[in-house]
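Tertiary structure, described
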Amino acid sequence: MFNASHFRPAQTATALSPLRAWEYLRLRREAAGLTIEQLVSRLTSSERRAEQARRLIMRLESPGASARDDAVIARIGRVVPLDVTVYRQLADDPIERHPSVCRRCGCSDFDRCSCSTSGRACSWASSHLCTRCERSGL
Ligand SMILES: [Zn+2]
Ligand SMILES: [Zn+2]
């Protein structure tokens, strides 16, 4: 039978659930405006490597995933602005030691977004939302 508790508003669930490493990766990629395919094509021009990279990224972005090797994340970080330490903390550390990360774009104190018009870095609008995302009202 259906249980009413399964139908809580999505926002409540988001606010309560900690950001996970695989979500962080996806948020940063999307904040950079890249599809997986676009990311892959910037990582390699080799057909064979592209296939491997595509599979790897899809795996890393699926629930429960975390990269064992920081080098993989650092490599993606050359294309997508992200912070390997933040990724590692989200993947391995207990929630109370997680850094603050924007739930919409994945930016953090270690990896701020800059406003396209003023060029100034964002700050915190609330504990889980940066000022840039708050202004864009996504
Ligand atoms: Zn943000
Ligand atoms: Zn931001």
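Predicted, not measured: the structure shown is a model, and the values here were computed from it.

Glancing now at the environment of serine 127. Along the chain, serine 127 falls in the loop between strand E1 (124-126) and strand E2 (129-130). Between the C-alpha atom of serine 127 and that of serine 100, which follows or precedes it by 27 residues, the distance is 6.7 Å.

Coordination sphere of the zinc ion (ligand 1), protein contribution only: Cys102 (SG), Cys105 (SG), Cys130 (SG) and Cys133 (SG), at 2.3 to 2.4 Å. Classification of the site at the zinc ion (ligand 1) as tetrahedral follows from its four donor atoms and the range of 104 to 114° in their angles at the metal. Separation of the zinc ion (ligand 1) from the zinc ion (ligand 2) amounts to 3.6 Å, with cysteine 130 serving as a shared donor to the pair. Cysteine 105 shares its class with cysteine 102; the two are buried.

This paragraph deals with the pattern of salt bridges. Inspection of the entire model under this criterion finds 10 salt bridges. Aspartate 111 serves as the salt-bridge partner of arginine 28, at 3.1 Å between the closest nitrogen and oxygen. Of the two residues, arginine 28 is situated in helix H2 (residues 21-31) and aspartate 111 in the loop between helix H6 (84-92) and E1; the sequence distance between them amounts to 83 residues. Like aspartate 111, arginine 28 is buried. Two residues, glutamate 51 and arginine 54, come together in a salt bridge whose shortest N-O distance is 2.6 Å. Here glutamate 51 pairs with arginine 54, and both are found in helix H4 (residues 47-60), just three residues apart, close to one helical turn. By relative accessible area, which is 34% here, glutamate 51 ends up partly exposed. For arginine 54, a relative accessible area of 22% corresponds to the partly exposed category.

Turning next to the coordination of the zinc ion (ligand 2). In this structure, Cys107 (SG), Cys113 (SG), Cys122 (SG) and Cys130 (SG) serve as the protein donors to the zinc ion (ligand 2), at separations of 2.1 to 2.4 Å. In this structure, the zinc ion (ligand 2) is surrounded by four donor atoms whose angles at the metal cover 102 to 118°, and the resulting shape is tetrahedral. Written as a sequence motif, the donor arrangement for the zinc ion (ligand 2) is C-x5-C-x8-C-x7-C. Given a relative accessible area of 0%, cysteine 130 falls into the buried group.

Together, Arg48, Arg49, Arg75 and Arg78 make up a region of like positive charge exposed at the surface. Inspection of the secondary structure puts arginine 48 in helix H4.

By size, the foremost hydrophobic cluster in this structure holds 23 residues, and its most contacted members are Tyr24, Ile76 and Tyr87. Apart from the residues lying within four places of it in its own chain, the contact partners of tyrosine 87 are Ala21, Tyr24, Leu25, Leu60, Ala65, Ser66, Ala67 and Ile73. By size, the runner-up hydrophobic cluster in this structure holds eight residues, among which are Cys102, Cys107, Leu129 and Cys130.

On to the packing of aromatic side chains. Within the structure shown, the criterion is met by zero aromatic pairs. Positioned over the ring face of tryptophan 124 is arginine 112, at 4.4 Å from the centre of the ring.

With that out of the way, let us pick up the packing of helix H3 (residues 36-43) against H4. Here H3 crosses H4 at 135°, and the two axes come no closer than 9 Å. Judged on the interaxial angle alone, H4 and H3 are oblique. Between H3 and H4 the crossing geometry is right-handed. Taken together, the residues of H4 that come into contact with H3 (itself represented by Ile36, Glu37, Leu39, Val40 and Leu43) are Ala50, Ala53, Arg54, Ile57 and Met58.

Procedures and definitions
Residues numbered from 1 in each chain as written. Chains lettered and ligands numbered in written order. Predicted model: local features only at pLDDT ≥ 70, side-chain atom pairs only at ≥ 80, totals over all residues. Heavy atoms only, no water. Helix = DSSP H or I, 4+ residues; strand = E, 2+ residues; numbered from the N terminus. Donors = N, O, S within 2.8 Å, 3.2 Å for Na, K, Ca; no water. Tetrahedral: all angles 85-135°; square planar, octahedral: opposite > 155°, others 65-115°. Buried < 20%, exposed > 50% of the residue type's maximum accessible area, 1.4 Å probe, protein only. Salt bridge = Lys/Arg side-chain N within 4 Å of Asp/Glu carboxyl O. Patch = residues over 30% accessible without salt bridge, like charges linked within 9 Å, V, L, I, M, F, W, Y side chains within 5 Å. Areas by Shrake-Rupley, 256 points an atom, 1.4 Å probe, with all protein chains shown as cover. Lys, Arg positive; Asp, Glu negative; His and termini not counted. Charge placed at Lys NZ, Arg CZ, Asp CG, Glu CD. Core = buried A, V, L, I, M, F, W, Y, C linked by side-chain atoms within 4.5 Å. Contact = heavy atoms within 4.5 Å. Phe/Tyr/Trp six-rings, centres within 6.5 Å; stacked < 30°, edge-to-face > 60°. Lys NZ or Arg CZ within 6 Å of the ring centre and 35° of its normal. Axes fitted to C-alpha atoms, helices over the stretch in contact; angles between N-to-C directions. Parallel < 35°, antiparallel > 145°, perpendicular 65-115°, else oblique. Left-handed = near helix turned anticlockwise from the far one by under 90°.

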